[in-house]
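# A closer look at the structure
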Amino acid sequence: MADYTLFTNPMSRGQIARWALHEAAADYDTELVDWQDKPQALLDVNPMGKVPTLVHHHLGHDHVITECAAICHYLGAMQAPELGPKAEEMADYFRLLFFAAGPIEQAVVSRSMGWSVDDPQKQGMLGFGSYEKAMDAFETLLSDRDYVCGERFTMADVYVGSQVDWGLSFGSIPKRQVFEDYAGRLRERPAYMTAKAIDMKLIEEVQNG
Ligand SMILES: N[C@@H](CCC(=O)N[C@@H](CS)C(=O)NCC(=O)O)C(=O)O
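Treat the numbers as computed from the prediction; the structure is a model and nothing was measured.

Membership of the largest hydrophobic core comes to 55 residues, with the highest contact counts inside it found for Leu75, Phe138 and Val164. Only strand S1 (4-8), helix H1 (14-23), helix H3 (68-79), helix H4 (90-112), helix H6 (131-142), helix H7 (155-170), helix H8 (177-187) and helix H9 (190-207) provide two or more residues apiece to this core. Per-element tally for this core: the top contributor is H4, with eight residues. Two domains share this core, each providing at least three of its residues, namely domain 1 (4-81) and domain 2 (85-191). Membership of the second largest hydrophobic core comes to five residues, among which are Phe7, Val33, Val51 and Val55.

So, in structure tokens, the structure goes:
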């Protein structure tokens, strides 16, 4: 048995976890999840029945990790500490990781669902304020650096970068130079390319029956 089991579907956020597994050079098996017929083994470990769900088989215990941002950090911490934050990088690392998983995710999803709140007072109650405010802040936070922590790639870039990469591909975040340049750097990473190729091949297989 491999060290990790990844429950995923190639057309899902599971792509983020696969990229993280490859960045961390982790040993893993894939369990493909059919939305119409989810495996009992997935439902047993994740009451949400969502993917990605990662199970770490470690020293006789099965540890279950869900939420892409948490999966990225966990894999860094357990498998590739050099891709985790140094003391002086912690603030940027956690700030952007949580900003992307909270406000940016909410801004993107609310917009794609057609929800918006125009009342400035009510916007103050929303964690992301407004789509425009969240995107402007995201651009500012990424504008003076190559990666989340500055000049060095860390596991936070897998998650933050996926939000940008996916957002640009699906038109859910604006095509601004800062976002394009950041995504361009990440798309050149060998682990990104390897993971992407695996999911693209799986998608092709599903589409060709
Ligand atoms: N907050 C979760 C979101 C996971 C999620 O919503 N996954 C979707 C696919 S992208 C899913 O499993 N959908 C199928 C379902 O909910 O039945 C994360 O960041 O991992």
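From this point, things continue past the structure.
Moving on, we get to the UniProt feature "domain: GST N-terminal" (unreviewed entry) in the protein. UniProt marks residues 1-83 with the feature "domain: GST N-terminal" (unreviewed entry), using the numbering shown here. Taken end to end, residues 1-83 comprises 34% helix and 27% strand; its first and last C-alpha atoms sit 25 Å apart.

All residues in the neighbourhood of the ligand are listed as Ser12, Arg13, Trp35, Lys38, Lys50, Val51, Pro52, Glu67 and Cys68. Within the side chain of arginine 13, an N or O atom sits 3.1 Å from an oxygen atom of the ligand. Between the ligand and valine 51, the relevant distance is 2.8 Å, taken from a nitrogen atom to a main-chain nitrogen or oxygen of the residue. Within the complex, 74% of the 520 Å² of free accessible area of the ligand lies under protein. Looking at the shell around the ligand residue by residue, the class counts come to four nonpolar, one polar and four charged.

Between valine 51 and the following residue, proline 52, the backbone shows a cis peptide bond with an omega angle of 0 degrees. Of note, proline 52 is situated in the loop between helix H2 (40-45) and strand S3 (53-58). Notably, alanine 25 is not glycine yet its phi reads approximately 50 degrees, a positive angle. With respect to the helices, strands and loops of the structure, alanine 25 is situated in the loop between H1 and strand S2 (28-32). Here glutamate 67, not a glycine, exhibits a phi torsion of approximately 75 degrees, which is positive. Judged by its relative accessible area of 55%, glutamate 67 is exposed.

What follows is about a negative patch on the surface. On the surface, a cluster of negative charge is contributed by Asp3, Asp27, Asp29 and Glu31. Residue position: glutamate 31 is located in strand S2.

One open sheet accounts for four strands, arranged S2-S1-S3-S4; its pairing is mixed. Edge positions in the sheet fall to S2 and strand S4 (61-66), since each has one partner strand and no second. Strand after strand, the sheet turns through a mean of 20 degrees between neighbouring axes, direction not considered. By the bridge criterion, six bridges tie S3 to S4 in an arrangement that is antiparallel. Within the sheet, the bridge partner assigned to valine 55 lies in S4 and is valine 64. Helix-sheet contacts for H3 involve S1, S3 and S4, and the interaxial angle to S4 is about 135 degrees.

Each value, and the rule that gives it
Residues numbered from 1 in each chain as written. Predicted model: local features only at pLDDT ≥ 70, side-chain atom pairs only at ≥ 80, totals over all residues. Heavy atoms only, no water. Core = buried A, V, L, I, M, F, W, Y, C linked by side-chain atoms within 4.5 Å. Buried < 20%, exposed > 50% of the residue type's maximum accessible area, 1.4 Å probe, protein only. Helix = DSSP H or I, 4+ residues; strand = E, 2+ residues; numbered from the N terminus. Domains from an automatic or database assignment. UniProt positions renumbered as here; feature names shortened; annotations may be inferred. Near = heavy atom within 4 Å. Polar contact = N/O pair within 3.5 Å; in protein donor to acceptor, adjacent residues only side chain to side chain. Areas by Shrake-Rupley, 256 points an atom, 1.4 Å probe, with all protein chains shown as cover. Nonpolar A, V, L, I, M, F, W, Y, C, P; charged D, E, K, R; others polar. Patch = residues over 30% accessible without salt bridge, like charges linked within 9 Å, V, L, I, M, F, W, Y side chains within 5 Å. Salt bridge = Lys/Arg side-chain N within 4 Å of Asp/Glu carboxyl O. Lys, Arg positive; Asp, Glu negative; His and termini not counted. Charge placed at Lys NZ, Arg CZ, Asp CG, Glu CD. Pairing = 2+ DSSP bridges. Axes fitted to C-alpha atoms, helices over the stretch in contact; angles between N-to-C directions. Contact = heavy atoms within 4.5 Å.

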